[in-house]
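Listed below, chain by chain, are the residues.
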Amino acid sequence: MTARMIGSGHARALTLSLTFAVLTAAAQTVRLPPGTPDARGPGNTGTDIEAACKQLQPGGWRPAEGSYYAPIVETPRPAQAQPLIDPVYRACVVRISAHDQDPVRGFARNDYSRRQAFNADDSRVIVVSNDGYWHLYDPKRATYVKQLHGIGGDAEPQWHAKNPDLLYFFPNNGVGMKLLELNVKTDAVRTVADFASRIQPLWPRAMTAWTKSEGSPSANQRYWAFMVDSDKWQGLGLFVYDLQEDKIVGTYDLAKNGKDRPDHVSMSPSGEFIVVSFLDSVVAFKRDFSQPRVLQKKSEHSDLALLANGHDAYVAIDYERSGGPVFMIDLQTGDKTTLFDTYIDRTATAVHFSGRAFDKPGWVLMSTYGDYSNRGGSDPKWLHRKIFAVQLQANPRIVHLAAHHSYPNEYFTEPHASVNRSFTRVMFNSNWGTKSKNDIDAFMLVLPPELLSATAAKK
């Protein structure tokens with residue numbers, strides 16, 4: 001989905017103060033001493049990425065905030081494992097993959113904004129290649145580790161919340177109706193739950209159980225949301241699974257409720273709600289499918305996040321409303337808050353959300369792409385072609401992180417920026433100025449832990 005229309009009104013001007021003067025000098029890069037091991041390939045020690053970033057940011061980093069605009073300064077695509085400082089926003093940027101040199105086929109990219117790319121201790125990151133295989137990289141050194149075995153295609157991998165060696169996944173497209181677990185260190189695969197005998201009595205034609213690529217379990221991974229399809233890919237029903245108790249705690253029949261197959265389903269971080277993105281509405285139910293609440297009339301890009309008070313939030317964009325606002329809804333109370341408008345001076349943009357920073361509640365990551373103006377030509381505004389953090393409250397802090405340097409050329413060039421649990425690392429994709437639909441790598445932002453502190457000073 002992309003922005004479809006231009007709002008009639010001008011966007012609300014944000015009043016957050018700026019904290020950074022524009023820098024237009026060439027990007028800084030780490031110059032490694034002779035004899036430093038190559039950062040590619042298993043067994044190589046590579047570059048200490050965090051230390052290299054600190055070397056480039058002596059005295060720390062104070063990012064720009066608010067409705068801050070600066071032109072993107074083009075730089076050559078950085079070499080793998082050679083950190084550089086974004087010349088405008090000053091974040092430390094690291095190229096994780098080198099798809100033309102690593103043992104991958106085609107591009108190597110972060111899968112999606114709503115999926116957690118980093119494992120529990122940030123020692124591994126998962127990347128998907130053009131042929132559908134999944135690969136591990138070491139983000140601490142920006143080195144390739146290995147191809148994952150036993151997992152392929154649209155497997156919806158979800159890192160274990162506590163154990164950095166474990167990864168949950170589904171068979172491709174959920175066919176077979178199983179929840180599986182992979183030990184990425186030993187390659188051992190085990191079946192966590194087999195749903196066929198439980199759901200086929202309800203839906204005899206059931207063939208798949210999955211979220212349809214965009215869903216996630218609760219933050220502690222106790223509760224999982226599933227949609228069930230037939231052998232003809234017709235939607236049959238939905239269910240919520242309690243992994244701790246190994247039981248289904250709620251079911252929903254689509255035909256009996258007069259609903260079509262959803263775009264996707266997901267659990268809220270707390271596990272209290274299942275959020276169903278029907279094409280004609282987005283609905284939050286309690287996990288037993290009681291108390292439905294319509295969140296949005298049309299399914300758009302969105303994610304689920306935690307608020308600072310521990311409540312669940314649905315964060316999305318509304319292209320149908322004047323101003324094209326980004327907004328959030330507190331799922332526990334139903335309160336709706338507009339965060340900022342996106343239709344600025346007759347421009348629009350597409351946006352992805354990542355609410356995966358469960359250890360940093362009250363924040364969401366956004367990445368924008370595909371902006372356009374009905375005046376013709378390029379007319380970028382403060383939020384266009386960027387990656388930034390947004391505080392989940394009225395009149396939010398907006399913290400600018402970096403430009404992604406990816407130029408639109410079909411789906412896989414979308415940046416799909418995804419944040420780790422502590423909001424200290426961000427993965428994103430970029431063709432880095434080539435405008436190619438295949439010349440795509442995975443990049444990482446290294447962020448200081450204090451960046452989004454509630455007590456951070458604003459200049």
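Here we summarise the structure given alongside this text. (Residues numbered from 1 in each chain as written. Predicted model: local features only at pLDDT ≥ 70, side-chain atom pairs only at ≥ 80, totals over all residues. Heavy atoms only, no water.)

## A few points about the sheet that holds strand β5 (residues 133-138)
To keep things clear, this is the line we draw: Two strands pair if DSSP finds at least two bridges between them. A run of H or I in DSSP counts as a helix once it spans at least four residues, and a run of E counts as a strand once it spans at least two, with each numbered from the N terminus.
Read across the sheet, four strands follow the order β3-β4-β5-β6 without closing on themselves; strand pairing throughout is antiparallel. The sheet is open, and its two edges are formed by β3 (108-109) and β6 (143-152), each paired on a single side.

## Brief notes about the packing of aromatic side chains
Keep this limit in mind: A pair of aromatic rings is counted whenever rings of Phe, Tyr or Trp (Trp by its six-membered ring) have centres within 6.5 Å, and the orientation is called stacked for planes under 30 degrees apart, edge-to-face for over 60 and tilted otherwise. For a Lys NZ or an Arg CZ to count as sitting over a ring, it must be within 6 Å of the ring centre and within 35 degrees of the ring normal.
Scanning all chains against the criterion turns up 22 aromatic pairs. Each ring, one from Trp432 and one from Phe443, has its centre 4.9 Å from the other, and the planes form 25 degrees; the classification is stacked. Highlighted residues: Trp432 in the loop between β28 (425-430) and β29 (441-446) and Phe443 in strand β29, separated in sequence by 11 residues. Residue placement shows Arg109 over the ring face of Phe107; its charged tip is 6.0 Å from the ring centre. One Lys or Arg, Lys259, reaches over the ring of Phe278 and ends 4.4 Å from the middle of that ring.

## Quick look at the nonpolar core
Which entries qualify depends on this criterion: Grouping buried Ala, Val, Leu, Ile, Met, Phe, Trp, Tyr and Cys residues that are joined through side-chain atoms within 4.5 Å yields what is termed a nonpolar core. Remark: exposure states derive from per-residue accessible area (1.4 Å probe, protein chains only) relative to the maximum for the residue type, with buried under 20%, exposed over 50%, and partly exposed in between. Residue contacts follow a heavy-atom distance rule, with two residues in contact if any of their heavy atoms lie within 4.5 Å.
In terms of nonpolar packing, the biggest core is built from 35 residues, with Leu179, Phe195, Ile199 and Tyr241 touching the most fellow members. For this core, the secondary-structure elements that each account for two or more residues are β10 (189-194), α2 (196-199), β11 (206-210), β12 (223-230), β13 (235-242), β15 (264-267), β16 (273-278) and β17 (281-286). With six residues, the top contributor of residues to this core is β12. Once residues within four sequence positions are removed from consideration, Leu179 is found in contact with Tyr168, Phe169, Phe170, Thr191, Val192, Ala193, Phe195, Trp224, Tyr241 and Leu243. The next biggest cluster of nonpolar side chains, apart from the first, holds 25 residues, and it includes Ala305, Ile344, Trp382 and Leu383.

## Comments concerning the sheet that holds strand β18 (residues 293-296)
Under the convention used in this document: Interaxial angle, 0 to 180 degrees, is taken between N-to-C directions of lines fitted to C-alpha atoms, where a helix line uses only the stretch in contact.
Sheet architecture is open: four strands sit in the order β15-β16-β17-β18, paired in antiparallel fashion. The sheet is open, and its two edges are formed by β15 and β18, each paired on a single side. For this sheet, the mean angle separating the axes of adjacent strands, direction not counted, is 25 degrees. Examined bridge by bridge, β17 and β18 share three bridges and lie antiparallel to one another.

## Observations regarding the pairing of β12
For β12, the buried fraction is high: eight of the eight residues fall into the buried class. Burial along β12 is two-sided: the residues Tyr223, Ala225, Met227 and Asp229 and Trp224, Phe226, Val228 and Ser230 are all buried. Two elements, β11 and β12, share four bridges in a ladder whose sense is antiparallel. What sits directly across from Ala206, in β12, is Ser230. In the sheet, β12 pairs with β13 via seven bridges, with the strands oriented antiparallel. The residue bridging Ala225 from the neighbouring strand is Val240, located in β13. What sits between β12 and β13 in their antiparallel hairpin is a turn of four residues, with Trp233 showing a positive phi close to 60 degrees.

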